[in-house]
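# Tertiary structure, described
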Amino acid sequence: MNRKHLVQITIFTFAIFQVVYYFYPSEFIFYLSIIVLLYVLSQAMINMPKINKSVCIGLFILGSALMIYADAAPAVWIKGLGKNGLLIALFVCAPMLNIPFTYEDYQSELKNIAKVYLHTMIPFYLLISIPTHIFAALTGFAAFVIMYNLFQETSKLYNSEDIFIATLGRSYASSGFWGSSWVSVLLVVSELGIPWYRIIPIGMIFTVVSISINLISIKIKMFKEPKRYPRLQPDKEAVVDWSKIFTALSLAILIVFITLTINIYTGWKLLSIIPLVACAFPLAVALVQKKMPEYTNGLKSYYENSLYKSQTEVTLFTAAGFLATALEISGVSALIPKIIPDFLINYPPLLIGSLMLLVIIPGQMGIHPVATGTAMVVAIVPASIGLAVPTFAWTIICAWLLSNMLSPFSALNLTLSGLAGRPSWEVGLGLSWRYGLVCLIVYSLMVSVIGPML
């Protein structure tokens, strides 16, 4: 067995160990998974690009310095390495959800829909935004795999692959306004005592605004460069096989339904459910559709193309989780809210925007909103800075999703980066910094107006 195959096997083994550990929390399984992870990290440090390597080493060094400062026990160091274990398991297994969509040529039929009905980018990207938002809110990162593989080829018709990738990331991020798969929403519900049903309608307002800003930005690009983004001419020869479209839609809905049903009736985390569905669903569909040869080819493609490439993301996830643990243990994350200038209390939109930046900016350096956002919720009494609880809650939610949308270290961009085969800082901050800046301003104003009404 050569080194590449060993890396592929150990990456998948680590993912399985993490899922098993969630259901059967044995220390033996956990420490065994860490040993496997250390081998993956050692190989990744050899194989990954220099920039990624430098970033990961920097995160590990900073985390180690904070661990030493906090006099953390060895068990805490090991816990930090495994902090994002389930997230890694989801990232490793989620690409298998695409296998059933390779049993038939669904992409060609989606292209035909574009040729016949969607002659400009606006209706096409509206079509992309809505299902991506819904799937992301309910199933998390599985949305990327489904939507990217279904529509990536169609986006080439519009010469708009950058816009396609950016729209996926932005539409996914908008699910953070209300989606049950977002830690920020669960944090606000549990720590600030705001019922989920009160979050949903306000979240829908923010969602409509976010999708509208994205579509407006696309329209501006079309206006500036009409030759680059021409109107598609109707193809009279194109014929849509609607049976394939309905089958693809049914498969996507079935993934969501199964995932949600398991989540509702068991209470298991989505991070643990999606790997299980990803492993079982493609085989079940292959048996029903009698597509076992296609299933075998899909597994082979997953093994050859996805597993080995994921070692960089596995290392980044591990480094980010390690640093987040170190920040929490050392108490540094709790100091972040204390740098808010007092004079901002008299200017709510500026205060809200500043609070958001306290989550967004550290995110660009690998500090996950789990660390900064949680610290702010715990450390700040909203009334002490002149904010109502709902206003503060929406500030955290908006900041959290913007940080994830822009950060090169977020699971959102690492997942999208893996699918697109592009650097995570390019698909995040590189493609969406203008959009993020506009959203920061708009969200600050909206929160300052809507928050006090709640």
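Above this note sits the structure.
So, here's what we can say about the structure. Bear in mind that the values here come from a model prediction, so they are computed numbers and not experimental data.

### Focus on the overall build of the chain
- Scanning the chain from terminus to terminus reveals 20 helices and zero strands.
- Rg of the C-alpha trace for the chain: 22 Å, near the compact-globule value of 22 Å for 454 residues, within the 12% margin.
- Taking the principal axes of its C-alpha atoms as reference, the chain extends roughly 65 × 55 × 45 Å.
- Counting all 454 residues of the chain, 53% fall into the buried class.
- Considering only contacts within the chain whose residues lie at least 6 apart along the sequence, 80% involve residues at least 24 apart.
- Carbon together with sulfur atoms contributes 68% to the accessible area of the chain, which is approximately 19800 Å² in total.
- Each charge sign in the chain was given a centre, from 27 positive and 19 negative side chains, and these centres are 4 Å apart.

### Considering the side chain of Asn404
- If you trace the backbone, Asn404 turns up in helix α18 (residues 389-406).
- Each residue touching Asn404, except ones within four places of it in the same chain, is listed here: Trp182, His368, Pro369, Ser410, Leu412 and Asn413.

### Things to note about the side chain of Ser129
- Of note, Ser129 is situated in helix α7 (residues 121-139).
- Classification of Ser129 by relative accessible area gives buried; the value is 1%.
- Among the polar contacts made by the side chain of Ser129, one reaches the main-chain carbonyl oxygen of Tyr125 at a distance of 2.6 Å.
- Setting aside residues no more than four positions away along its own chain, Ser129 makes contact with Thr167, Ser171, Ile211 and Asn214.

### Quick notes on unusual backbone geometry
- Unlike most non-glycine residues, Asp71 shows phi in positive territory, near 55°.
- Mapped onto the fold, Asp71 is located in the loop between α3 (50-69) and α4 (74-81).
- Of note, the phi angle at Asn159 is positive, near 55°, even though the residue is not glycine.
- Its place among the elements puts Asn159 in the loop between α8 (142-155) and α9 (161-174).

### Observations regarding the state of the cysteines
- Under the counting rule described, the total for this entry stands at zero disulfides.
- Free of any disulfide, Cys439 has its nearest neighbouring cysteine sulfur in Cys398, separated by 9.2 Å.
- On the basis of relative accessible area, Cys439 is assigned to the buried category, the value being 0%.

### Here we look at the packing of helix α15 (residues 311-330) against helix α19 (residues 411-420)
- Direction vectors running N to C along α15 and α19 enclose 175°, while the axes themselves pass 10 Å from each other. Taken together, the axes of α15 and α19 lie roughly antiparallel to each other. Each of Glu313, Leu316 and Phe317 in α15 lies in contact with α19, whose residues at this interface are Ala411, Leu414, Ser417 and Gly418.
- Residue classes in the contact of α15 with α19 are distributed as four nonpolar, two polar and one charged.

### Quick look at empty space enclosed by the protein
- In this structure the tally under the stated criterion is three cavities of 30 Å³ or more.
- Estimated volume of the largest cavity: approximately 60 Å³.

### Re the pattern of salt bridges
- Within this structure, the stated rule accounts for five salt bridges.
- As a salt-bridge pair, Lys291 and Glu104 come within 3.0 Å of each other at their nearest N and O atoms. Highlighted residues: Lys291 in the loop between α13 (270-289) and α14 (292-307) and Glu104 in the loop between α5 (85-93) and α6 (106-116), separated in sequence by 187 residues.
- Put simply, Glu153 and Lys156 hold a salt bridge, and the shortest N to O gap is 3.1 Å.
- When salt bridges with common partners are traced through the structure, they connect Asp162, Arg422 and Glu426 into a single cluster.

### Describing a nonpolar patch on the surface
- Residues Ile16, Val20, Phe23, Tyr24, Trp268 and Leu276 make up a contiguous nonpolar surface patch of about 520 Å² in total accessible area.
- Top element by residues in the nonpolar patch is helix α1 (residues 3-23). It accounts for three residues.
- Its location among the elements puts Trp268 in the loop between α12 (242-266) and α13.
- Residue classification places Trp268 among the partly exposed positions, given a relative accessible area of 32%.

### As for α3
- Taking 1.5 Å of rise per residue, the 20 residues of α3 would be expected to cover 28 Å, and the 28 Å separating its terminal C-alpha atoms lies within 8% of that figure.
- Contacts made by the buried residues of α3 are with α2 (27-47), α4, α15 and α20 (424-453).
- Asp71 lies just past α3 and shows a positive phi near 55°.

### Examining the packing of aromatic side chains
- Evaluated as defined, the whole model comprises 17 aromatic pairs.
- When the centroid spacing of 5.2 Å and the interplanar angle of 40° are considered together, the rings of Tyr21 and Phe30 count as tilted.
- Phe30 sits in the buried class, given a relative accessible area of 11%.
- With 4.7 Å between their ring centres and 75° between their planes, Phe23 and Trp268 make a pair best called edge-to-face. Here the residue Phe23 occupies a position in helix α1, and Trp268 occupies one in the loop between α12 and α13, the gap between them amounting to 245 residues.
- Cluster of aromatic residues (ring-pair linked, three or more members): Phe124, Tyr125, Phe151 and Tyr158.

### Section: the environment of Thr120
- Mapping Thr120 onto the fold places it in the loop between α6 and α7.
- Remark: the alpha-carbon pair of Thr120 and Ile61, spanning 59 residues in sequence, is separated by 49 Å.

### Describing the nonpolar core
- Counting 146 residues, the largest nonpolar core has Tyr125, Phe177, Phe206, Leu355, Met356 and Tyr443 as its most contacted members.
- Among the elements that make up this core, the one with the highest residue count is α18 (12 residues).
- Ignoring anything within four residues of it in the chain, the contact list for Phe206 reads Phe177, Trp394, Cys398, Tyr443, Met446, Val447 and Ile450.

### Examining the layout of surface pockets
- By volume, the second largest pocket amounts to about 900 Å³.
- As for the second largest pocket, its lining consists of 39 residues, and the residues nearest its centre are Asn305, Ser306, Lys309, Gly418 and Leu419.
- Within the lining of the second largest pocket, the residues separate by chemical class into 17 nonpolar, 18 polar and four charged.

### Quick notes on the environment of Lys221
- Looking at the secondary structure, you find Lys221 in helix α11 (residues 196-224).
- For Lys221 and Tyr197, which are 24 residues apart along the polypeptide, the C-alpha to C-alpha distance reads 37 Å.

What counts, and where the lines are drawn
- Residues numbered from 1 in each chain as written.
- Predicted model: local features only at pLDDT ≥ 70, side-chain atom pairs only at ≥ 80, totals over all residues.
- Heavy atoms only, no water.
- Helix = DSSP H or I, 4+ residues; strand = E, 2+ residues; numbered from the N terminus.
- Rg over C-alpha atoms; globule rule 2.2 N^0.38 Å.
- Buried < 20%, exposed > 50% of the residue type's maximum accessible area, 1.4 Å probe, protein only.
- Contact = heavy atoms within 4.5 Å.
- Areas by Shrake-Rupley, 256 points an atom, 1.4 Å probe, with all protein chains shown as cover.
- Lys, Arg positive; Asp, Glu negative; His and termini not counted.
- Charge placed at Lys NZ, Arg CZ, Asp CG, Glu CD.
- Polar contact = N/O pair within 3.5 Å; in protein donor to acceptor, adjacent residues only side chain to side chain.
- Disulfide = S-S within 2.5 Å.
- Axes fitted to C-alpha atoms, helices over the stretch in contact; angles between N-to-C directions.
- Parallel < 35°, antiparallel > 145°, perpendicular 65-115°, else oblique.
- Nonpolar A, V, L, I, M, F, W, Y, C, P; charged D, E, K, R; others polar.
- 1 Å grid on protein atoms, 1.4 Å probe; cavity = no way out; pocket = protein on both sides within 12 Å on 5 of 7 lines; lining within 4 Å.
- Points joined across faces, edges and corners; volume = space filled by probe spheres on them.
- Salt bridge = Lys/Arg side-chain N within 4 Å of Asp/Glu carboxyl O.
- Patch = residues over 30% accessible without salt bridge, like charges linked within 9 Å, V, L, I, M, F, W, Y side chains within 5 Å.
- Expected span 1.5 Å × (residues − 1).
- Phe/Tyr/Trp six-rings, centres within 6.5 Å; stacked < 30°, edge-to-face > 60°.
- Core = buried A, V, L, I, M, F, W, Y, C linked by side-chain atoms within 4.5 Å.

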